[in-house]
Amino acid sequence: MRTLTVALGERSYPIHVGAGLLQRSGELLSLLPSPRVVVVTNPTVAKHHLETLRNALSAKAIRHDVITVADGEDHKDWQTLYEVHTHLLELGAERSTTLIALGGGVIGDLAGFAAATYQRGVPLVQVPTTLLAQVDSSVGGKTAVNHPLGKNLIGAFYQPRVVISDTATLDTLPEREYVAGIAEVIKCGAVRDLALFEWLEANMERLVAREPDAVTHAVIESCRIKAEIVIADERESGERAHLNFGHTFAHAVEAGTGYGTWLHGEAVAAGMVLASRLSVLAAGLPASAAERIAALVRRARLSADSPPWAPTTWLEWMARDKKVNCGDLRFVLLEALGRATIRGGIATEQLAAVLRL
Ligand SMILES: NC(=O)c1ccc[n+]([C@@H]2O[C@H](COP(=O)([O-])OP(=O)(O)OC[C@H]3O[C@@H](n4cnc5c(N)ncnc54)[C@H](O)[C@@H]3O)[C@@H](O)[C@H]2O)c1
Ligand SMILES: [Zn+2]
């Protein structure tokens, strides 16, 4: 097991990463304020991993109940949040009761927001079971549900007490979901850490094959990078936006093709390829570096190609992104591999040139 700490003063918390940690979760939770937890999960994840968690909790005499919500992004909504609150009230959950989010990013965001709001906030533990959740969504404290008018618009910053990333839980993840998570690992290297990027170039096939030490390295390094950025800018007033590299294009792809057609990570992969090409034109990134990003995306078995839309269609979908400032699209671009910057005032011709490539 490897552990790193997200240093946020009183709200600091450990992230434990390793194969088989679910079996040890009882001991990893021994510092909780009361020996009572409620697990929030869905039937897909429960089928594979709930029994292991329950056995580990029972072994340490931790009283636990389970709330199961329907699987899928469609259920990361107000209605399901309300159902979770209702179950918590019916179970008599108290202010000291800990919520455990067992699942992917959808469960993490939903259960996280439930924990932030139930009785003005109860302790939260993230047990992420997708690669995307282990490398990205379980770290940093963003919780939310979707609104019919937009994704993730209703939520709170709420840090967990502990994150337990059992890399062995990824063995049951469908291939498409798994490789989509690799896009966020590539992103971490591209915006912040040349060493991680070069490690991916040397080890991509091992990571795709889910070799345990490769998975652990990718998870730990992504969490370390995200934690560093979050510590510097918890509420995303500056540097945290670097984590949105590729995401302005990606959100356009996800929305423009209908949510769920492209997985988030798939859209991020193609979006990073476009953003790196734009970086060559507008931020001085060497063309060879942009090619290295596209090559890495392909080796992760992700598509480097985006939908063949006209520039006006792209602009239309990108302008709906909530991160647009004053009508001026701002892009996270790369000055070099491992060094990101934010640029506005991109000329339409530059964007059109990138989209034609
Ligand atoms: N809070 C943040 O900072 C942040 C960051 C990125 C993404 N997100 C959010 O994360 C969500 C996407 O998360 P995701 O990609 O993990 O999707 P997800 O939670 O929908 O999981 C994908 C699918 O895999 C299933 N699954 C999960 N673990 C499994 C396992 N071990 N074995 C088999 N199946 C398993 C799930 O039930 C689901 O069907 C989005 O809602 C997004 O907005 C949040
Ligand atoms: Zn993302």
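So, here's what we can say about the structure.

Rules and cut-offs
- Residues numbered from 1 in each chain as written.
- Chains lettered and ligands numbered in written order.
- Predicted model: local features only at pLDDT ≥ 70, side-chain atom pairs only at ≥ 80, totals over all residues.
- Heavy atoms only, no water.
- Salt bridge = Lys/Arg side-chain N within 4 Å of Asp/Glu carboxyl O.
- Helix = DSSP H or I, 4+ residues; strand = E, 2+ residues; numbered from the N terminus.
- Buried < 20%, exposed > 50% of the residue type's maximum accessible area, 1.4 Å probe, protein only.
- Core = buried A, V, L, I, M, F, W, Y, C linked by side-chain atoms within 4.5 Å.
- Contact = heavy atoms within 4.5 Å.
- Donors = N, O, S within 2.8 Å, 3.2 Å for Na, K, Ca; no water.
- Pairing = 2+ DSSP bridges.
- Axes fitted to C-alpha atoms, helices over the stretch in contact; angles between N-to-C directions.
- Near = heavy atom within 4 Å.
- Polar contact = N/O pair within 3.5 Å; in protein donor to acceptor, adjacent residues only side chain to side chain.
- Areas by Shrake-Rupley, 256 points an atom, 1.4 Å probe, with all protein chains shown as cover.
- Nonpolar A, V, L, I, M, F, W, Y, C, P; charged D, E, K, R; others polar.

Observations regarding the pattern of salt bridges
- One pass over the structure, following the stated rule, counts 25 salt bridges.
- For Asp 136, the salt bridge is made with Lys 187, and the minimal N-O distance between the two is 3.8 Å. Of this pair, Asp 136 sits in helix α5 (residues 131–137) while Lys 187 sits in helix α6 (residues 175–192), and the two are 51 residues apart along the sequence.
- For Asp 136, a relative accessible area of 14% gives the class buried.
- Two residues, Glu 228 and Arg 224, come together in a salt bridge whose shortest N-O distance is 2.9 Å. On the criterion of helical spacing, the pair formed by Glu 228 and Arg 224 is a turn pair, its members being four residues apart in helix α8 (residues 212–232).
- On the basis of relative accessibility, which here comes to 31%, the residue Glu 228 falls in the partly exposed class.
- Taken together, the salt bridges that share partners define one network made up of Arg 192, Asp 193, Glu 221, Arg 224, Glu 228 and Glu 239.

A few points about the nonpolar core
- Counting 78 residues, the largest nonpolar core has Ile 182, Ile 186 and Phe 249 as the members making the most contacts within it.
- Ignoring anything within four residues of it in the chain, the contact list for Phe 249 reads Gly 271, Leu 274, Ala 275, Leu 278, Trp 314, Met 318, Phe 331, Leu 351 and Leu 355.
- In this structure, Ile 67, Phe 113, Ala 114 and Ala 115 belong to the second largest nonpolar core, which totals 21 residues.

A short note on the coordination of the zinc ion (ligand 2)
- Looking at the zinc ion (ligand 2), the protein donor atoms are Glu 184 (OE), His 247 (NE2) and His 264 (NE2), and they sit 2.0 to 2.1 Å from it.
- Mapped onto the sequence, the residues coordinating the zinc ion (ligand 2) show the spacing E-x62-H-x16-H. Within this pair, whereas His 247 is found in helix α9 (residues 247–256), its partner His 264 is found in helix α10 (residues 264–282), the two being separated by 17 residues in sequence.
- What makes His 247 buried here is its relative accessible area of 5%.
- Accessibility expressed as a relative area gives 23% for His 264, which makes it partly exposed.

Description of the sheet that holds strand β3 (residues 36–41)
- What the seven strands build is an open sheet, ordered β1-β2-β9-β6-β5-β3-β4; its pairing is mixed. Where the open sheet ends on each side, the last strands, each with one partner, are β1 (2–6) and β4 (63–68). Averaged over all neighbouring strand pairs, the angle between strand axes comes to 20 degrees, with direction disregarded.
- Pairing between strand β5 (residues 98–103) and strand β6 (residues 124–128): five bridges, direction parallel. Looking at the pairing, Leu 102 lines up with Val 127 of β6.
- Contacts between helix α4 (residues 105–117) and the sheet are confined to β3, β5 and β6, with β5 contributing the most and set at about 165 degrees to the helix.
- Docked against the sheet, α8 engages β1, β2 (13–18) and β9 (162–166), running at close to 10 degrees with respect to β1.

Concerning the site of ligand 1
- Close to ligand 1 lie 25 residues, the nearest being Glu 73, Gly 105, Thr 129, Thr 130 and Thr 172.
- Interatomic distance of 3.0 Å between a backbone N/O atom of Val 106 and an oxygen atom of ligand 1.
- Note that a nitrogen atom of ligand 1 is positioned 2.9 Å from one of the backbone N or O atoms of Lys 142.
- When the free accessible area of ligand 1 is taken as 870 Å², the share hidden by the protein chains comes to 87%.
- In terms of residues, the shell around ligand 1 owes the most to one element, helix α2 (residues 43–59), which gives four residues.
- Residue classes in the shell around ligand 1 are distributed as four nonpolar, twelve polar and nine charged.

Remarks on the environment of Ala 133
- Summarising the element assignment, Ala 133 is placed in helix α5.
- On the accessibility criterion, Ala 133 (1% relative accessible area) is buried.
- The sequence separation of Ala 133 and Met 1 amounts to 132 residues, and the corresponding C-alpha distance is 18 Å.
- Contacts of Ala 133, omitting those with residues within four sequence positions, involve Gly 103, Gly 104, Gly 105, Pro 128 and Ser 138.

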